[in-house]
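# Observations on chain architecture
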Amino acid sequence: MQHSTVKITGVTQHHVSHPLGGVFYPTWIPDYPQGSHEAEVFEIETDTGLTGVTASPSFAGGLDYETPLELFLVGQDPHDIAGIRERIESIETIGPRTRHIELALWDIIGKDAGKPVHELLGGTGDPIPAYASTGQVLPADERVAYVEDRVAEGFEAVKLRVTERSDLDVVRAVREAFPDLPLMVDANKGWSIAVAGETPTWTVAEAIEIARELEAIGGIEWFEEPLPRHNYEGYARVREETDIPVAGGEFNRGTTELYRFLDHDALDVVQPDAALATGIQGATEVAGAAREQGVEFVPHTWTNAVGFAANLHVLAAVDGRWCEFPHDPPWTPDVWGALVEDPFTVENGSVRPPEKPGLGVELDRDLLASSD
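Residues numbered from 1 in each chain as written. Predicted model: local features only at pLDDT ≥ 70, side-chain atom pairs only at ≥ 80, totals over all residues. Heavy atoms only, no water.

### Observations regarding the pattern of salt bridges
For clarity, the threshold we go by: A pair is scored as a salt bridge if a Lys or Arg side-chain nitrogen falls within 4 Å of a carboxyl oxygen belonging to Asp or Glu. For helices the rule is a DSSP run of H or I covering at least 4 residues; for strands it is a run of E covering at least 2, with both sets numbered from the N terminus onward.
Scanning the model with the defined rule gives 22 salt bridges in all. Its salt-bridge partner being D328, residue R143 comes within 3.1 Å of it at the nearest N-O pair. Of the two residues, R143 sits in helix α5 (residues 140-152) while D328 sits in the loop between β11 (323-326) and α12 (333-336), which places them 185 residues apart along the sequence. Look at the salt bridges and you will find they share partners, linking K159, R161, D186, E224 and E324 into a network.

### Digging into the nonpolar core
To keep things clear, this is the line we draw: Only buried Ala, Val, Leu, Ile, Met, Phe, Trp, Tyr and Cys residues count toward a nonpolar core, and they belong to the same one when joined by side-chain atoms within 4.5 Å. Think of it in three bands: residues with accessible area under 20% of the maximum for their type are buried, residues over 50% are exposed, and the middle band is partly exposed, with areas taken using a 1.4 Å probe on protein chains only. Should any heavy atoms of two residues lie within 4.5 Å, those residues are counted as being in contact.
Counting residues in hydrophobic clusters, the biggest one holds 110 residues, and the most contacted among them are V171, L214, F223, I280 and F344. For this core, the element with the highest residue contribution is helix α11 (residues 305-318), accounting for 11 residues. Setting aside residues up to four positions removed in sequence, L214 forms contacts with L168, V171, V185, I220, F223 and I244.

### Looking at the pairing of strand β6 (residues 183-186)
The condition that has to hold: A pair of strands counts as paired when DSSP detects no fewer than two bridges linking them. With the strands pointing away from the viewer, any crossover whose connection runs clockwise from the first strand over the helix to the second is right-handed.
The alternating pattern of β6 places L183 and V185 and M184 and D186 on opposite faces, both of which are buried. Pairing geometry for strand β5 (residues 158-161) and β6, over four bridges, is parallel. Its bridge partner being in β6, V158 is matched across the sheet by L183. Regarding topology, helix α6 (residues 168-177) serves as the crossover connection from β5 to the parallel β6, and that connection is right-handed.

### Things to note about a nonpolar patch on the surface
Applicable threshold: Surface patches are defined over residues having more than 30% relative accessible area and no salt bridge, joining like charges when they lie within 9 Å and nonpolar side chains (Val, Leu, Ile, Met, Phe, Trp, Tyr) when within 5 Å. Residue exposure ignores everything except the shown protein chains as possible cover, and the areas themselves are Shrake-Rupley values with a 1.4 Å probe.
Residues Y32, I193 and V195 make up a contiguous nonpolar surface patch of roughly 250 Å² in combined accessible area. Summarising the element assignment, V195 is placed in the loop between β6 and α7 (204-217).

### Overview of the sheet that holds strand β3 (residues 51-57)
Under the convention used in this document: All axes are obtained by fitting lines to C-alpha atoms, using only the stretch in contact for helices, and the reported angles, taken between N-to-C directions, cover 0 to 180 degrees.
Read from one edge to the other, the open sheet built from three strands follows the order β1-β2-β3, with strand pairing classed as antiparallel. Since the sheet does not close on itself, it has two edges, and those belong to β1 (8-24) and β3, each with one partner. Across this sheet, the average inter-strand angle for adjacent strands is 20 degrees, counted without regard to direction. Where strand β2 (residues 34-46) lies against β3, seven bridges are found, and the strand directions are antiparallel. Following the sheet pairing, E45 is matched in β3 by T51. Strands in contact with helix α1 (residues 66-73) are β1 and β2; relative to β1, the strand with the most contacts, it is inclined by about 145 degrees.

Here it is as structure tokens:
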């Protein structure tokens, strides 16, 4: 691909803290009452005036790595994805996860070409069916009411969270209320953040037993992360011993770890998040390898509006069947979409990839100014 000569000249970081408007208990931060959406937002500046944006999940107080990013990135051509991926891996050797930086590179490349990222990757702007994704465990009656609201909004599938065996009663209640609704079930055993409590883990045998209970409930699209994310052999055993599709890989580091899932024939659905695990190019590579093995590709998207946009472009490029759409009040699209001027919406059960050049999102400058 021919392109103009572009050089990175600087990096600007913003720590953003946005109130949720209520208390949220994410299953991946056990026993922690989350009251704000925290993110690190980066703008990668170039000598042509083009700026690429990216964002990473964060926590109160933030994580400052603007200076090391400048050290590794200034002077580089953002079109050199492979070369910069190597530099990003160097940063990760001694510092924070920085795969999300590749999102900003594609944003620049798309803006330079005047095309949305999905078009550069060979995709179309067709709408992608979205499933409403919950992030906490609620009592059965509250969760049934939640599902009623999402179905009324046009969603044709919902993902429920379970952290203990007793949470299967919530799944049963939803199934009874909605006999034909496709359900995904996420155990969140792949990883967790131990701030206030520990995530209870399952043995392979326990995961198999729970998978069989889900089989009996019926209509389960997949059983997500029943085991820690590096237990490839365990995932393969769960898949061998049950008929329910097994999903995972959202937070595994780099394509190598995702290929290990495929090498072990361990997943029916592979879920790397472009903003957390692979970058955009790596995600498309994993999707291609998965397709050859008959494994479905449905990336995790639960980060922020910039990360969501990146994963949506990947889905459009690989003809993905489902798009995860985070929606569990007070964690709503307006909250996780607050970083950008136009938050994402679902229409007729689907979401469209952005059509503007690059990632196709514009940062909310007022929010950045109020946070800096």
